[in-house]
4 protein chains.
Amino acid sequence: MTTIKDSVHDHISVGGVAEDLLDTGPVQRLRRVAQLGTVKLVYPSANHTRFEHSLGVYHLADRALDSLGIEGTEAERVRAAALLHDIGHAPFSHNVEELLHRHTGLYHDDVTDLLVDTEIGDVLLEHDLDPERIAGLIAGEGQYGQLVSGELDVDRMDYLVRDAHHTGVPYGTIDHERLVRELTFADGDLVLDEGNVQTAESLLMARALMTPTVYAHPVARISKAMLRRATERLIATPDIDARSVRRMDDYDLISALRMTPETEAFADRYDRRDLFKRAVWAEYDDTPASLREADHEAIRELEADIAERASVSPSEIVLDVPAEPSMAESTSEVLGGGEVRRLGDHSPLVTALRTAQARQWRMGVYTVADATDRVGKAAVDVLGLDIEGTLVSDVRQRVHATLDEFEADAAGVDE
Amino acid sequence: MTTIKDSVHDHISVGGVAEDLLDTGPVQRLRRVAQLGTVKLVYPSANHTRFEHSLGVYHLADRALDSLGIEGTEAERVRAAALLHDIGHAPFSHNVEELLHRHTGLYHDDVTDLLVDTEIGDVLLEHDLDPERIAGLIAGEGQYGQLVSGELDVDRMDYLVRDAHHTGVPYGTIDHERLVRELTFADGDLVLDEGNVQTAESLLMARALMTPTVYAHPVARISKAMLRRATERLIATPDIDARSVRRMDDYDLISALRMTPETEAFADRYDRRDLFKRAVWAEYDDTPASLREADHEAIRELEADIAERASVSPSEIVLDVPAEPSMAESTSEVLGGGEVRRLGDHSPLVTALRTAQARQWRMGVYTVADATDRVGKAAVDVLGLDIEGTLVSDVRQRVHATLDEFEADAAGVDE
Amino acid sequence: MTTIKDSVHDHISVGGVAEDLLDTGPVQRLRRVAQLGTVKLVYPSANHTRFEHSLGVYHLADRALDSLGIEGTEAERVRAAALLHDIGHAPFSHNVEELLHRHTGLYHDDVTDLLVDTEIGDVLLEHDLDPERIAGLIAGEGQYGQLVSGELDVDRMDYLVRDAHHTGVPYGTIDHERLVRELTFADGDLVLDEGNVQTAESLLMARALMTPTVYAHPVARISKAMLRRATERLIATPDIDARSVRRMDDYDLISALRMTPETEAFADRYDRRDLFKRAVWAEYDDTPASLREADHEAIRELEADIAERASVSPSEIVLDVPAEPSMAESTSEVLGGGEVRRLGDHSPLVTALRTAQARQWRMGVYTVADATDRVGKAAVDVLGLDIEGTLVSDVRQRVHATLDEFEADAAGVDE
Amino acid sequence: MTTIKDSVHDHISVGGVAEDLLDTGPVQRLRRVAQLGTVKLVYPSANHTRFEHSLGVYHLADRALDSLGIEGTEAERVRAAALLHDIGHAPFSHNVEELLHRHTGLYHDDVTDLLVDTEIGDVLLEHDLDPERIAGLIAGEGQYGQLVSGELDVDRMDYLVRDAHHTGVPYGTIDHERLVRELTFADGDLVLDEGNVQTAESLLMARALMTPTVYAHPVARISKAMLRRATERLIATPDIDARSVRRMDDYDLISALRMTPETEAFADRYDRRDLFKRAVWAEYDDTPASLREADHEAIRELEADIAERASVSPSEIVLDVPAEPSMAESTSEVLGGGEVRRLGDHSPLVTALRTAQARQWRMGVYTVADATDRVGKAAVDVLGLDIEGTLVSDVRQRVHATLDEFEADAAGVDE
């Protein structure tokens, strides 16, 4: 049994298969993968890694299993899955996930290959655990998979608290000890026990506040979009493909970007924090549906059009269209009067949070600092935006249509 | 300049009129008035006082004034008002406020008499400050009164953080440093500056979570109702009137309750934490409007009826009907695109929180532990409740109509 | 099993005999006994009680028992002792302990009568636990008594962290989780396991810093001396004896002091925080040995002499002579290379801390604010102090013989 | 004025020259230099950087200047120096500092070249600040240089608190707000004001506990020794010299180590956390003076001798001889009775802490896991150690001569 000191959960005891897994290369790699990717450019203290987060998730899973009375091989499987759940993350975590998925078909929780083909598989087999089954748990399959990946998983409980601790933004400070103690199973569903509607709501509110303030902070989005674009160029070179990027750590990726002629300009910008600026920032309703649904190719073409019209290099334009606002929150379940209740059906807050999330949706066009004006105007034309007000250059001069235009900005280093 | 160590804000520097006010009897009395009254029976660490809270409010007011660039006499007035804002609280803070108001016509922020007639008035005059004007600020009058008592006042910022620190419930952990820095005046209204919709929403969410979990926890409500009832009996005795209770501290009140024959049974129960239990617990929609609007006299009669039908002493019944759910939240204002926006008009969350608040409303009938069954049945009849399901004795056996029946209970010591 | 939210340890689960003990009057009384007595007059946030501390000690004992592998009746006894260990504290905790000991022969850990004669005894017997044996554990008897009362007891681990949390003074922030995990028994002695010399030292350093800054802060000492003197007068009245004071709570004592003619002046001073001031403050070496060893009677006579010479009322003089510096720290034990080592024999820090402690020793003479000068001069003569420099009135004007004259003062509200 | 959110000091406002300095490459590089180098292999949460620390030091300097009443250009210089004070740190901070010093003659606070020759110089000149003078402040020159680099500098105040926050080890939790407020100048010396002997002692105690537990944790020392050795090999290759390493960030160094044939084996070990183990661990008194004073060449030869005798490759042996225990602590000064007192002359604790520090000194010989036994025996012979007990392989079986043999180990991941 090894004891590890953690800045969030204090002492974490690691035993059984987890202790052996700790010493494998793929788990140690997580020490060099930033938990929040480029968010550290906004919140300078946010240098925490997927490794400490994985230890935290392991710890909370262990506490939850204890509270649920799950023991033996079943529990050992869940603990292994908890420790390994982020093994599939590429450098900078979610930042390049979509890009790699386009090329490899894999998301960060598709880890069968990593469990079966690597030394991790050996360790699991030594402990009589089936790698494919662990991979299934990580993908959220089966009753116990909900503990690792689901609406009420311990992953979320750890990251909210940990991200709050390291960014300094208090909104993620949930009552995770209570959450873990109140988990129970009802008809095979992981739910919160009687009397926990507010506990469940508090988890949703924490995420609702952390998302715009931290995870989708405009500056983090810009730097992430730039990193994604640079990585795309990198894997277009003959030497590096998407599968190899997936197994890199942050050091590998940054150093590849620095050494590759096609990406060294980006690397220099990243190192100096000399980021693109917003030229246009448009709300959901002001963005044509065709643009919201545009695929990768289409977006590339639109960027080229904007670049041409604004007379800038296409490499200096990023068109950043987020996915549709997610509805994922709505399935949290809570026991009430002995019955399983879907939070989304009963809590007016859930609906409101969903609406608020949609309201926060923004499409952005980013470019170099001295071209924001002409790129902004070109983008309005090319993209067919129906209001001019979204031009960032205008926003301080006149009454703007949106309440929360720049709201998250003020939290960190200004652009 | 005196420096005081505070467990929430670390070092608080107190100078000017505030330093002299510190040494007055009415301010020192606040050391012996529990910030959260009977909440300490649920959260044993919640023994903090109105004194430390008043220091905290003074400190945040000082920071806000600094950030707003307000100086001189104007600022000194606000600082005095901040330190004095709770001077009118009776023992156990809000617990007996309604009762005393019925008898004296005064709420805790009606403090003109306390500022004018006591040594506080002398200190204010020595510093060339008009006591009546300070009283006005405490009542929220004028532009700067909003800093002390308003939607975005520093009072709330302090108590949320402080109550979280002392109860251990993390929900109140707001970003108070940011809030204080982002305050600004627009057309005489205290608002949050551009880019703070989420900051404003976070304040509302913190309150929305703290209220049922802490402030209106069912056990705190029961003990508060019992204390209120006992205090009512106390002021019905010839020796003690409502005005004198208002100037007591917690020691005075508890010791008066112990020594008065009419209230010693309550005092003994309080000391042993031998509280009444819920016999009925009904939601807003299940409670007849006539009952929700019943005045003090009517409630007293209903209690007598229930007592008679259940064959218990009227002193063993409390009918606890809260006020209508408040709409007060809806007036928070935020700057957006240069215009003042009322948060309630723009944030779907505000509406949702208001709905959630209404949903948490509960009417309760409390009695001694061994009479809950028959009192419950009697109350359903007498009060004309249309569902039986609200009988607490039934609730574990069958599917109940409400989601969050006992939800706040689990947080603290069970009944 | 009841779960209680604590501001220091978060959730505390209370089961078995402890859960039943919670509901007894003597345990509930601890809710109304201030953990740090008059320290709250220096640190306004320090309103925590013996009740929450007792829960904390219970919690840490439970963790330690778990880590040590102690189960069954033996463990249940220790848990009961941990919860009950402070049951013998009088109002304001240690403040009047010596006084009551002089009259009753009992210290706060002499609790046999409280366990045997009260409802606590009934609860213990229902759980087949022998009250006298529990009382023995509380007094530190037997191998397991060391967990409750000894050099490395969980009492100290809780109070250091809790007092730090509530005063805001960070010095008590020890690594209590590690301490509890590293406890082990060697030849019947409770020791820290291999590799914990620094862990042990950290505990001593925390106390060494908390003592002058918090526990023996000059202003806390003055107010404690005043309270002790007033209580002495109280038990000299016919109605109240020392044994009854021992069972009072803070409310009882304060209200008795307010209502008794001989003590109401003190009560008024206490309520207004209008405390005596130091007239003389002398170091150990400057205080004649005869004075350091003087008994209660002798001190009373010296006070009368000083009062006469200075023409003040004897009730306005307090001569405060602390006990000899304690050597208690020296017996902490740690495993090293398989052998039990006494920390005091090996750690130069222990010796240094002991020296530092002796250096902090101060004898004080306190009186009303406007008499400090003449009382100071009279005291120097009457007590035969050989330096004048200890007159507080002189100290700001000239180079003083001691380094740390007023050092702790600055931490809290100034005198 | 930019506001940056920090996990330790909350909001940090950066203005004036500091705001412009933020955007320079050399300051941004600090985002990619780990504050504690290889300590992150022991404490997984310790991923904080020199950048956030530099912001913290800037913030505390600003507070101290405010409290000291220093304004204008003088203050602006100190603020610039505070932000820039770590600009000279090589990758992994102190880990390779001695090595680079041997080759370049520069320590991390020799920054004249970095201030004069880079864009930083331009920014300073734009603000009419002389780069050489700022470099002087960073080196601790002049009266105000003491604020940046001295016994009571704000550098230390920030790193103790920050390292505690990120490692989870509470020992560094000092009262930094008080320290900053109590600074004053006496005869040109930066000292703590009257009444702060314990405040000064608390700073020393915090360091005394953090050093063995964090900064010189045995596993951190081993990994640091391995990194130093590998870096030495790196700069022995034709492509990379010491001066270029000094300007690298952690990404550059790790990636250079990975790609250089002579160091790729180390890089692989580092990535897998497959570290050398201790073969011998000897106390100060058991280590011949000749060895303690041996220079770099001599140590290299001794390693070769041990390797030969134990039949292992010289690249698998590290002989790690720390510098003599530092006496630096003894010069802290505090005002007492109006005079400046040197803490070391008055505080028995200072002497004790110095003794304790000497007692913690350990010489180590490290090697691959399966060679510890034979390397240990060879080292005892070659180095002329006079006790066999220092063989790590023996230590669990028999009584060992040292109390605190493995003490710091238990804190983090075991070797």
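This one's a predicted model, so the numbers in the text were calculated from it and none came from an experiment.

Quick notes on the rules
Residues numbered from 1 in each chain as written. Chains lettered and ligands numbered in written order. Predicted model: local features only at pLDDT ≥ 70, side-chain atom pairs only at ≥ 80, totals over all residues. Helix = DSSP H or I, 4+ residues; strand = E, 2+ residues; numbered from the N terminus. Rg over C-alpha atoms; globule rule 2.2 N^0.38 Å. Buried ≥ 20, exposed ≤ 12 C-beta atoms within 10 Å, placed from the backbone. Contact = placed C-beta atoms within 7 Å. UniProt positions renumbered as here; feature names shortened; annotations may be inferred. Pairing = 2+ DSSP bridges. Axes fitted to C-alpha atoms, helices over the stretch in contact; angles between N-to-C directions. Domains from an automatic or database assignment. Least-squares fit on C-alpha atoms with pLDDT ≥ 70 in both. Expected span 1.5 Å × (residues − 1). Nonpolar A, V, L, I, M, F, W, Y, C, P; charged D, E, K, R; others polar. pLDDT = per-residue confidence, 0-100. Parallel < 35°, antiparallel > 145°, perpendicular 65-115°, else oblique. Core = buried A, V, L, I, M, F, W, Y, C linked by C-beta atoms within 7 Å.

Scanning chain A from terminus to terminus reveals 21 helices and nine strands. A compact globule built from 415 residues should have a C-alpha radius of gyration of about 22 Å, and chain A, at 22 Å, falls within 12% of that. The dimensions of chain A, computed from C-alpha atoms along their principal axes, are 65 × 50 × 35 Å. A buried classification covers 58% of the 415 residues belonging to chain A. A fraction of 70% describes how many contacts in chain A between residues 6 or more apart in sequence connect residues 24 or more apart.

A few words on the UniProt feature "domain: HD" (unreviewed entry) in chain A. Taking the UniProt record as the reference, the feature "domain: HD" (unreviewed entry) is found at residues 50-160 of chain A. The straight-line gap between the two end C-alpha atoms of residues 50-160 of chain A is 13 Å; of that span, 68% is helix and 0% is strand.

Residue and element names in this part refer to chain B. Taken in spatial order, the three strands of this open sheet run 5-9-6, and their pairing is antiparallel. This sheet does not close on itself; its edge strands, each paired only once, are strand 5 (277-283) and strand 6 (317-320). For this sheet the average axis-to-axis angle between neighbouring strands, irrespective of direction, equals 10°. Here four bridges tie strand 6 to strand 9 (residues 362-367), and the two strands are oriented antiparallel to one another. Within strand 9, the position partnered with Asp-320 by the bridge is Gly-364. Contacting strand 5, strand 6 and strand 9, helix 13 (residues 218-235) crosses the sheet at an angle of about 115° to strand 6. Sitting on the sheet, helix 18 (residues 296-310) is in contact with strand 6 and strand 9, with an inclination near 135° to strand 6.

Domain boundaries assigned for chain A yield domain 1 (2-216) and domain 2 (276-322 + 361-415). Relative placement of domain 1 of chain A and domain 2 of chain A: their C-alpha centres are 35 Å apart.

The next subject is the relation of the copies chain D and chain A. Both copies of the chain are related through a single rotation about an axis accompanied by a shift along the same axis. When chain D is fitted to chain A, the residual RMSD is 0.0 Å, and the transformation amounts to a turn of 180° plus an axial shift of 0.0 Å. The two molecules are tied by a two-fold rotation axis, judged by turn and shift. Scanning chain D for the C-alpha nearest the rotation axis identifies Tyr-251 of chain D, at a separation of 2.5 Å. Comparing interface residues between copies, 97% of those in chain D also lie at the interface in chain A; the contact surface is shared.

Our next topic: helix 13 (residues 218-235) of chain C. An ideal rise of 1.5 Å per residue puts 26 Å on 18 residues; helix 13 of chain C measures up with 26 Å between its terminal C-alpha atoms. Of all the 18 residues making up helix 13 of chain C, 15 are buried; the element is thus mostly covered by neighbouring parts of the structure.

A few words now on the interface of chain D and chain A. With 34 residues of chain D at the contact, the number on the chain A side is 34 residues. Mapped by element, the contributors of at least two residues to the side of chain D that touches chain A are strand 1 (2-6), helix 2 (25-29), helix 3 (50-68), helix 10 (154-167), helix 15 (250-259) and helix 16 (264-272) of chain D. Residue contributions to the side of chain D that touches chain A peak at four residues, all from strand 1 of chain D. Split by residue class, the side of chain D that touches chain A holds eleven nonpolar, 14 polar and nine charged.

A word on the pairing of strand 7 (residues 333-336) of chain B. Residue and element names in this part refer to chain B. Residue alternation in strand 7 divides its side chains into two sets, Glu-333 and Leu-335 and Val-334 and Gly-336, and both sets are buried. In this sheet, strand 8 (residues 339-342) lies alongside strand 7 in antiparallel orientation, the contact comprising four bridges. Within strand 8, the position partnered with Val-334 by the bridge is Arg-341. Hairpin connection of strand 7 to strand 8: two residues between the antiparallel strands, including Gly-337 at a positive phi of 55°.

Close inspection of predicted coordinates is inappropriate for parts of the model with low pLDDT. Residues and elements named next belong to chain A. Summary statistics for chain A give a mean pLDDT of 89 and a share of 92% for residues scoring 70 or more. A low-confidence stretch, residues 393-415 (pLDDT under 50), is modelled with 60 contacts involving residues beyond four sequence positions or located in other chains. The ipTM for the predicted assembly is 0.92, set against a pTM of 0.92.

What follows deals with the sheet that holds strand 9 (residues 362-367) of chain C. Within a sheet, adjacent strands bond to each other through the backbone by hydrogen bonds, running parallel or antiparallel. Residues and elements named next belong to chain C. Across the sheet, three strands lie side by side as 5-9-6; this open sheet has antiparallel pairing. If you trace the sheet from one side to the other, it starts and ends with strand 5 (277-283) and strand 6 (317-320), each paired once. Pairs of neighbouring strands in the sheet enclose a mean axial angle of 10°, with direction left out of account. Pairing between strand 5 and strand 9: six bridges, direction antiparallel. Residue pairing for strand 9: Arg-278 is matched across the bridge by Tyr-366. Packing of helix 13 onto the sheet brings it into contact with strand 5, strand 6 and strand 9, and relative to strand 6 it is tilted by some 115°. Across the sheet, helix 18 (residues 296-310) lies against strand 6 and strand 9, angled at about 135° from strand 6, the strand it touches most.

Residues and elements named next belong to chain C. Direction of pairing for strand 1 (residues 2-6) relative to strand 2 (residues 10-14): antiparallel, over a ladder of five bridges. Residue pairing in the sheet places Thr-2 in a bridge with Val-14 of strand 2. Where strand 1 folds back onto strand 2 in an antiparallel hairpin, the turn is made up of three residues.

This part is about the packing of helix 12 (residues 197-215) of chain D against helix 20 (residues 348-360) of chain D. All names here are of chain D. At their nearest, the axes of helix 12 and helix 20 sit 11 Å apart, and the two run at 10° to each other. Taken together, helix 12 and helix 20 sit at an angle that is classed as roughly parallel. For the pair helix 12 and helix 20, contact is made by Glu-201, Leu-204, Ala-208 and Pro-212 and by Leu-349, Val-350, Leu-353, Ala-356, Gln-357 and Gln-360, respectively. Split into classes, the residues belonging to the contact of helix 12 with helix 20 amount to seven nonpolar, two polar and one charged.

Residues and elements named next belong to chain C. Its identity as a non-glycine residue notwithstanding, Ser-93 has a phi of 50°, on the positive side. Structurally, Ser-93 is set in the loop between helix 4 (72-84) and helix 5 (97-104). Residue Ser-93 is classed as buried on the basis of its C-beta count, with 23 C-beta atoms lying within 10 Å.

Another aspect to go through is the nonpolar core. One finds Ala-61 of chain A, Ala-61 of chain B, Ala-61 and Leu-84 of chain C together with Ala-61 of chain D to be the most contacted residues of the largest nonpolar core, which totals 508 residues. Residues in contact with Ala-61 of chain B, not counting those within four places in the same chain, are Val-78, Arg-79, Ala-82, Leu-147, Val-148 and Val-154 of chain B.

For Thr-38 of chain B, the position within the fold is in the loop between helix 2 (25-29) and helix 3 (50-68). Not counting chain neighbours up to four residues away, the residues in contact with Thr-38 of chain B comprise Phe-92, Asn-95, Ala-220, Ser-223, Lys-224 and Leu-227 of chain B.

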